[in-house]
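# An overview of the molecular structure
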Amino acid sequence: MKGKPEVPPRRGLIARFRVDAFWFRQRGAALSFATLTLMVALLGVTVPGTFFSAVNLSNLAAQLAPLFLVSLGQTFVLLGAGFDLSVGAVISLSSAILTLDMADPVKIPIAFAAAAAVGLVNGWGCVHLRVHPIIMTLATSSIVQGFALLLLPTPGGVAPQVLVQMASGTFLGLPVGLYWIIAATAAAIWLVHGTTFGVQLYATGQNPQAAWMTGIKAPRIRVMAYVISSLMAALAGAYLTGRLASGDPNVGSALGLDSVLGAVLGGTLLSGGVGGPIGTVAGVLIIGLMNNGLNLANVSPYYQFVVKGVLLVTAVSLFRRKEAGL
Amino acid sequence: MNGAAPAQRQGAPLLEVRGLSKSFGAVCALQDMQLAGHEGRIHAVMGENGAGKSTLMKLLSGVHRPDTGTIRLRGRDVAFDQPRDAQKAGISTVFQEFSLLANLSVAENLFLGRERDRTHRLSRAEIRRHTARALAALDLQIDPDIRVGALSVGEQQMVEIAKGVLADASVFIFDEPTAALASHEVEILFALIRRLASQGKVIFYISHRLSEVFTLCDDITILKDGRFVTCVDTATTTVDAVIQGMVGRPIEELFEPRTGLFGPVLLRADVLAGDASPHPVSLELREGEIVGIAGLEGQGQQALMRLLAGFQPALAGSLTLGADRIEAASARARMAKGIGFVPESRKDDGLFLSLDISANMASAELARRPLLSWVPHMGAQIDAVMHQLGVKAPDAWTRVIDLSGGNQQKVVLGRWLHAGASVLLCEEPTRGVDVGAKREIYRQLRSFAAQGRSILVTSRELPELIGLCDRLLVIRSGRIVAEMAAEIATEDALLRAALPSFESDAA
Amino acid sequence: MSAVLRMLPPAFWGLSLVCVFAAFTQPQFLSLSFLMILLRQAAPLGLVALGQTFVIANRSLDLSVGATIALVNLIVAHAMWKGYPPSILIFLALGTGVVIGLTNGVLVTVLRGSAVVVTLGTAAIITGLGFLYSGGAPGSSVPEVIKWLGRGRIGVVPVSGLVWLTFGIVAWVLLRRLALGRYIFAAGDNPSAATYSGIPVNRTLLVSHVLSGFFAALGGLVLTGLVGTGALNLGADYVLSSIVAVILGGAVFGGGAGGAVGTMLGTALLVMVLNLLTVFGVDEPGKLIVQGLVIAAAAILYQQGRRGG
C-alpha cells in the first residue's frame, strides 16, 4: 500500500469518469449524449428539411413532455435503488380525477394529493414492509388503475380550463410543452444536484444501511423518491388531460414502462446511486428522436416496437452488473 | 470499580453505561455491561472477538437499541433510536465496517448528513475547503472530489477517521481503526487521538492489539463473553494481567491437541497467480494438516483463498490436488474434485437464510449432480452430519435464519462434510460465534483434518491461528513473507512479519 | 408441524376461505359443472404461471410471457400454415417459446441485464415481430387439434385442464425432485451462497427462463384453442396475472416455500376470486383493485413471515 498517493492536479477525460465522483455518476449520461448527438446528425443528414422544421420540432416537444415528466420522476426512484411500475396508472388516475364533475380548485389538489398518497404507500411498502419494489408497485399499479377506471370508465369528461390553456398552443412563440419540459428538468436537476436531498439520495441508493449509519434518514429519503415520482406522474397526467382537453383512464398505460426506458437509456442504473436527471434528458430525447425519425423515414410503426426493444436491451447490457436476475 | 479509581479519573464521567444488555435472538451478545468515559482520557475496550466490544459500541452509536440498561451522557439518561440521534448527542463513531459510500466523493462522504451548518447550508466551496483542511490535519493528500470507491482500503480508513474527527463531537469511538493502516498512518492517527484527548474529548478505542493499547490508552476496560470483567488504569497493570482478563482460561482448553501426523502433500500451489493476486504464491497442504494464513487486514488473504478455490482464474503457475492438475478447472469443477470453500461472510455468501438446514447442508453435494438428475432422499445422512457437528436445532427442517451464529457456521461446515471435501478453504471460521461454539468448531476442524484431509484457514485472530493450526504462513501485500510452525509461533513474531514497518531485509 | 404449516402457500388459506365463502353465498359456484368451466378458463393462465414460477423462484422475472402468447397465437392462426400437419405447428409454437426464453436467459445471465428491463425489451421486440408477421391482421385458421386442446372435453373434464395438470406434475418434478429445482430455490434465496456452494447459478437461471418461455408458449397454444381465432394482443393481461398467481403460490425469490402446487393453487384462487366478483356484479375496475390488494397482502404477509423467527 502506498502511504502518500500522488494526486495529479488535473485528470484526463477518461480517468475523470473513473475517479472523480461526480463524473463517475454521470458517465452513462455522457454516453447517452454522445448517442443523441449521433442521432441528431443522422437525422440532419437523412431528413434535414423535415426534421429541423419548426412544425416537427414543436410537435416533438408537445409529444415528449409527458415522457419527460414521468422519466424524471422515475429517475429519483431508480437513484434510490427502487423501481416504480405504478407511474402509468397514476397518470391515468390523475387524468380521471381531473375530469371529474367538480370545481377546478377542488379536483386539481385532489389529483395531486391522490398521487402523493400512492407514492407514500409505495414507499411505505417497499421501505418499511420491505416488499420488493417491483411487486409492491405492481400491486399499487393494479389498484390505482382500478380506481381510474372506476372514476372514469370511458374516455371523456371535461378538463379544467386552466390546464387546457397551459398545455396547448404556444407561449412567446414556443410550444408550451417545451416550458413544461424545461421547468421539470430544471427542478429535477436542482433537487438532485443542488440540494442536500440529492446527495443523500445518491448515498441511500448506493447502500441504504451505510447511509443510515452515517446519520441520514435513509428510509425517509427513499419514501420521498416514490412520492416525487408519483407527483411527476400526476403532472404528466395533468399535461395530457389539458392537451387532450378531456380525460382518458388508460392514457398512462404505455408511459409507465417508457419512463423506465428513458431513465435507463440516460445512464441511470437500476442498482441505484448512479445516474441522474441530466442523463434522463438525453434518454428521453433518444426515444423521441427514434420514434420521430422512424416516422419521418416512413418506416412501419411495427418496427418501432422492435427498435425500442433492441434499444432497451442494449442499454441495460452496457453496464454489466455483478449479479444476474432482477 | 470499588473506589480503586486512580486520581486522574475523579469526577463524574462524561459518558457512563450501566447494566447494558443486548441479545440477538437466542444469543446474548452483551450482559450487564458497565463503562465510564472521562474527559481527556483515552479508554481502551478490549476483549476477544465475540466478547461484545462491537455490540457495546453499536449500542453507544445508536445502531442497536439496548434491551436493558442505561446510557448516561453528562449525567442525563439518553436513548438512541438511530445513529443520527447518537451523532446529534455528540458521539462520533469510526466504524470497523466502513460506512462510506463508494459512489460519493470524499467531500460528499465527509459532509453527508451534516451539509447544514448551525445557520446555513454549506456551499460546495465551503465543503471542499473544510474537507481539504480535515484531510490536511491527517496529513492526507487526497483529492476531495475523488470517488471513495477509487481509493485504497487504507485511504478509505483514513477518510472514515477524518469523518469522525470532523464531526466535532465530545465522545469519539474508534472501532479497530488501525486494522488496514500502514505504520506511518498509525502514527498520524495516534497523534490525532492524543490531540483530541488533550482537548478534553472522551475517546473509546477498541482494539485487541496490546501494544497499541499500552502505548496509547489511559484506561482499559476488559470484556469477556459479553460481560464486564474489569476496568484498570494502564499505568498500574501489565500485559499479562490484561491477557489473563481477556482470555480467562488456559488456551489449551479451547483448542484440540495437534496430532503432528501428516500424510503426503494433498494440495500444492506452485507460483500460482491470478488477476487479484498478481504475486505468484507457492504453498503446500499435507494430509492431516491445518495451515493458517496470518496477516493484517486486506493483505490479499481473500484473493488467495478465492484463487485457490477457483473463483478467480489462474493466470500462471500450477495447482495440484492429489495427482490432478486443477489450475484450469472452474470453481465448480474443483469443488467436485473435493475442494470446499467456507466464505468469510456467512450471511451474505454462505447461507440460504430462508431455506432449512437440510437444503443448506445438501447444496454442495447436490451441486455435483447434473441439472436434471433425480435427487435421492438424504435425510439420514443430513441427520448424521447434524449429530456429528452437534447442531442445536429441533430437526433438519429448521430454517437456518432461526439458528445462532455458531450453529449456522456448523451448517456451512456440515455442507462440506456432507459433500466429502478433502481440502477445506476456510475464511474466518469463528467470526461472530460465541466461545462455546468456537471450541466446538475447532474440535470439528481438527477431526476433519485427522481423517487425512487438510484445511487452509484465514483469521483476523492471531491466537486462534496459533492455537488451531499446525503451520502458519504470513501474508503481506499478496506475498507470503514468512512461515513458521504454530507450536513455536507467537503473536509478536507473527505481527513482526506481517507489519511492513518491521521489514528490515526488503527484497 | 410448524415447518409443514410454513410450507403451505398463502393461496391454500385463501382458497379455503373463498370456498367456504362461496359455499354460503353462491353454492352453485361449487357445482362440478361450474368448476369444470372454471378449470377450462384457468388452464391457460395456470400453464403460464407454472413457467413464471421457475423464474420468480430463481429471483428473476419474465415480463415477456404476454407477448409470447400473442406471438404464438398469431403464428398458429396465420393462413400460411393451412394444410400443414398441426403437429408441426405445435412444434413451431413451442419452439418459438423456447427461443424467446433462451434469448431472455442469455441476455439476463451473460449480459447481466436486469430481467425486468430485458424481458420488457424482448416483449417489445416480440410484439413488433408479431405485428410484422401478421401485417396487423391476425388470421383465423386455427387447427382443430388446437381448438380441441383449448375447448375439448374428455367426459366432463376439459382437455386443457388435463394438460395443465400434466405439466403441473412435470413442473413439480423439476422443482421438487430434480437437482434443477434445488438449484433454483438455492440461487433464488442467495445467488452468492449458491455460487460458493458450486451451484451453476447462471445455467440454472438460463434454464428457468427457457422453461418460462416454453410454458408461456404452451399457455398461448391452449388459450388460442379456447379463443379459436387469431387476435391482436391476446394474453396481455397474463403478465400481471401469472405473477399474481406465483406470489399467491408463495414461491417468491427463493424463499423455499411454494412451487408448482402453490402456483396451481394460486391460479385457482385468482380465477375463483375474479369469477366470484363477476357473480357479485363487480366490474373490471373492482377486479383490478381486488387483484392489487391481494398481491400486496400476499407479498406483505410473506415478507413478515420471512423476517420473523
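All figures in this text were calculated on a predicted structure; none of them were measured in a lab.

## What about the interface of chain A and chain C?
Listed as interface residues are 38 residues of chain A and, on the opposing side, 49 residues of chain C. Taken together, both faces of the contact between chain A and chain C bury some 3,800 Å²; the carbon and sulfur share is 78%. Inspection of the chain A/chain C interface yields 0 salt bridges. Summed over the shared surface of chain A and chain C, the result is 1 residue pair in polar contact (both at pLDDT 80 or more). Within the residue set of the side of chain A that touches chain C, elements represented by two or more residues are helix H8 (133-151), helix H14 (255-265) and helix H16 (301-318) of chain A. Broken down by element, the side of chain A that touches chain C gets its largest block of residues, 11 residues, from H8(A). When the residues that make up the side of chain A that touches chain C are grouped by side-chain class, the tally is 24 nonpolar, 9 polar and 5 charged.

## Focus: the sheet that holds strand E15 (residues 324-325) of chain B
Residue and element names in this part refer to chain B. Ordered by their spatial adjacency, 4 strands build an open sheet running E12-E11-E14-E15, and the pairing between neighbours is antiparallel. Single-partner strands in this sheet number two, and they are strand E12 (281-286) and E15. Pairing of strand E11 (residues 265-274) with E12, which is carried by 5 bridges, proceeds in the antiparallel orientation. Each bridged residue has a counterpart across the sheet, and for Val265 the counterpart in E12 is Arg286. Those strands touched by helix H10 (residues 301-309) are E11, E12 and strand E14 (314-321), and its axis lies near 115° from that of E11.

## Some thoughts on helix H2 (residues 10-25) of chain C
Residues and elements named next belong to chain C. The end-to-end C-alpha separation of H2 is 22 Å, in line with the 22 Å expected for 16 residues at 1.5 Å each. All buried positions along H2 are accounted for by Ala11, Gly14, Leu15, Val18 and Ala22. Summarising the axial view, the buried residues of H2 lie within an arc of 95°, below the 170-degree limit, and thus occupy one face. Facing away from the buried side of H2 by more than 90 degrees, the exposed set consists of Leu17 and Phe24. Against helix H12 (238-249) and helix H13 (260-279) lie the buried residues of H2.

## Concerning unusual backbone geometry
Unusually for a residue other than glycine, A:Ala245 sits at a positive phi of about 60°. With respect to the helices and strands, the residue A:Ala245 is situated in the loop between helix H13 (218-244) and H14. Positioned with a positive phi, B:Glu176 is a non-glycine residue whose angle comes to about 45°. Considering the arrangement of structural elements, one finds B:Glu176 in the loop between strand E7 (171-175) and helix H6 (183-198). Look at B:Glu176 and you get buried, because its relative accessible area is 11%.

## Some points on the interface of chain A and chain B
With 31 residues of chain A in contact, the opposing surface of chain B contributes 36 residues. For the pair chain A and chain B, the two sides together bury roughly 3,000 Å², of which 55% comes from carbon and sulfur. Here chain A and chain B share 1 salt bridge between them. Contributing elements (two or more residues each) for the side of chain A that touches chain B: helix H1 (13-19), helix H2 (21-25), helix H11 (196-206) and helix H12 (208-213) of chain A. Among the elements that line the side of chain A that touches chain B, the one with the most residues is H11(A), at 6 residues. Classifying every residue of the side of chain A that touches chain B by side-chain character gives 14 nonpolar, 11 polar and 6 charged.

## Let's talk about the packing of helix H4 (residues 65-77) of chain C against H12(C)
All names here are of chain C. It is the contact of H4 with H12, at a shortest axis distance of 7 Å, that shows an interaxial angle of 125°. As summarised for this structure, H4 and H12 are arranged oblique, according to the angle between their axes. Residues Val65, Gly66 and Ile69 of H4 touch H12, and the partners they reach there are Tyr238, Val239 and Ser242.

## Some points on the packing of helix H7 (residues 104-128) of chain A against H13(A)
All names here are of chain A. Relative to each other, H7 and H13 sit at 145°, their axes nearing to 7 Å. The hand of the H7/H13 crossing is right-handed. Looking at the contact of H7 with H13, its residues break down into 17 nonpolar, 5 polar and 1 charged.

## So, the pairing of strand E16 (residues 339-342) of chain B
Residue and element names in this part refer to chain B. With burial as the criterion, each face of E16 is covered, one bearing Ile339 and Phe341 and the other bearing Gly340 and Val342. As judged from the 4 bridges shared by E16 and strand E17 (residues 423-427), these two strands associate in the parallel manner. Residue pairing in the sheet places Val342 in a bridge with Cys426 of E17.

## Thoughts on the confidence of the model for chain C
Mean pLDDT over chain C: 90, with 94% of residues reaching 70 or higher. Across the predicted assembly, pTM comes out at 0.86 and ipTM at 0.88.

## A word on the pattern of salt bridges
All names here are of chain B. Within this structure, the stated rule accounts for 20 salt bridges over all chains. Where Arg446 meets Asp470, a salt bridge forms, and the shortest distance between an N and an O atom there is 3.1 Å. On the criterion of sequence distance, the pair formed by Arg446 in helix H16 (residues 435-450) and Asp470 in the loop between helix H17 (462-468) and strand E19 (471-476) is long-range, its members being 24 residues apart. Accessibility expressed as a relative area gives 6% for Arg446, which makes it buried. When its relative accessible area of 10% is taken as the criterion, Asp470 is described as buried. For Arg471, the salt bridge goes to Glu483, with nearest N and O atoms at 2.7 Å. In this pair, Arg471 is assigned in strand E19 and Glu483 in strand E20 (residues 479-485), connecting sequence segments 12 residues apart. Connected through salt bridges with shared partners, the residues Arg41, Asp219 and Asp233 form a single ionic network.

## As for the confidence of the model for chain A
Detailed reading of predicted coordinates is not advised where the pLDDT is low. Within chain A, residue pLDDT values average 88, and 95% of them lie at 70 or more. Below a pLDDT of 50 lies the segment residues 1-8 of chain A, which in the model reaches 13 contacts outside its immediate sequence neighbourhood of four places, other chains included.

## Regarding the pairing of E12(B)
Here E12(B) shows one buried face, formed by B:Val281, B:Leu283 and B:Leu285, and one open face, formed by B:Ser282, B:Glu284 and B:Arg286. Once E11(B) ends, the chain turns through 6 residues before running back antiparallel as E12(B).

## Considerations on the nonpolar core
Inside soluble globular proteins, nonpolar side chains tend to come together where they are buried. Judged by nonpolar contacts, the single largest core of 280 residues is most densely connected at B:Met361, B:Leu425, B:Ile455 and B:Leu472. Here the element with the most residues in this core is helix H5 (residues 54-79) of chain A; it accounts for 13 residues. When residues of this core are assigned to domains, at least three fall in each of domain 1 (7-252) and domain 2 (264-500) of chain B. Excluding its chain neighbours within four sequence positions, the residues that come into contact with B:Ile455 are B:Leu285, B:Glu289, B:Ile290, B:Val291, B:Leu424, B:Cys426, B:Leu445, B:Phe448 and B:Ala449. Core analysis: the next-biggest nonpolar cluster, separate from the first, contains 45 residues, B:Val94, B:Leu135, B:Ile142 and B:Val242 among them.

## Let's talk about the packing of aromatic side chains
The description of an aromatic ring pair rests on the distance of the ring centres and on the angle between the ring planes. Following the criterion strictly, the structure yields 22 aromatic pairs over all chains and no others. Ring centres of B:Phe311 and C:Tyr196 lie 4.6 Å apart, and the angle between their planes is 80°; on these two criteria the pair is classed as edge-to-face. You can see B:Phe311 sitting in the loop between H10 and E14 and its partner C:Tyr196 sitting in helix H10 (residues 191-196), one on each of two chains. Using a relative accessible area of 25% as the deciding quantity, one classes B:Phe311 as partly exposed. Look at C:Tyr196 and you get buried, because its relative accessible area is 13%. Three or more aromatic residues link up through ring pairs in this structure, and these residues are C:Phe54, C:Phe167, C:Phe214 and C:Phe215. In this arrangement the basic side chain of A:Arg25 is found over the ring face of A:Tyr202, its NZ or CZ atom lying 4.3 Å from the centre.

## Quick word on the side chain of B:Ser345
Within the element layout of this structure, B:Ser345 appears in the loop between E16 and helix H12 (346-350). Polar contacts involving the side chain of B:Ser345 include one to the side chain of B:Asp348, which spans 3.3 Å.

Definitions and cut-offs
- Residues numbered from 1 in each chain as written.
- Chains lettered and ligands numbered in written order.
- Predicted model: local features only at pLDDT ≥ 70, side-chain atom pairs only at ≥ 80, totals over all residues.
- Heavy atoms only, no water.
- Contact = heavy atoms within 4.5 Å.
- Buried area = accessible area lost by both parts, 1.4 Å probe.
- Salt bridge = Lys/Arg side-chain N within 4 Å of Asp/Glu carboxyl O.
- Polar contact = N/O pair within 3.5 Å; in protein donor to acceptor, adjacent residues only side chain to side chain.
- Helix = DSSP H or I, 4+ residues; strand = E, 2+ residues; numbered from the N terminus.
- Nonpolar A, V, L, I, M, F, W, Y, C, P; charged D, E, K, R; others polar.
- Pairing = 2+ DSSP bridges.
- Axes fitted to C-alpha atoms, helices over the stretch in contact; angles between N-to-C directions.
- Expected span 1.5 Å × (residues − 1).
- Buried < 20%, exposed > 50% of the residue type's maximum accessible area, 1.4 Å probe, protein only.
- Arc of directions from axis to C-beta.
- Parallel < 35°, antiparallel > 145°, perpendicular 65-115°, else oblique.
- Left-handed = near helix turned anticlockwise from the far one by under 90°.
- pLDDT = per-residue confidence, 0-100.
- Core = buried A, V, L, I, M, F, W, Y, C linked by side-chain atoms within 4.5 Å.
- Domains from an automatic or database assignment.
- Phe/Tyr/Trp six-rings, centres within 6.5 Å; stacked < 30°, edge-to-face > 60°.
- Lys NZ or Arg CZ within 6 Å of the ring centre and 35° of its normal.

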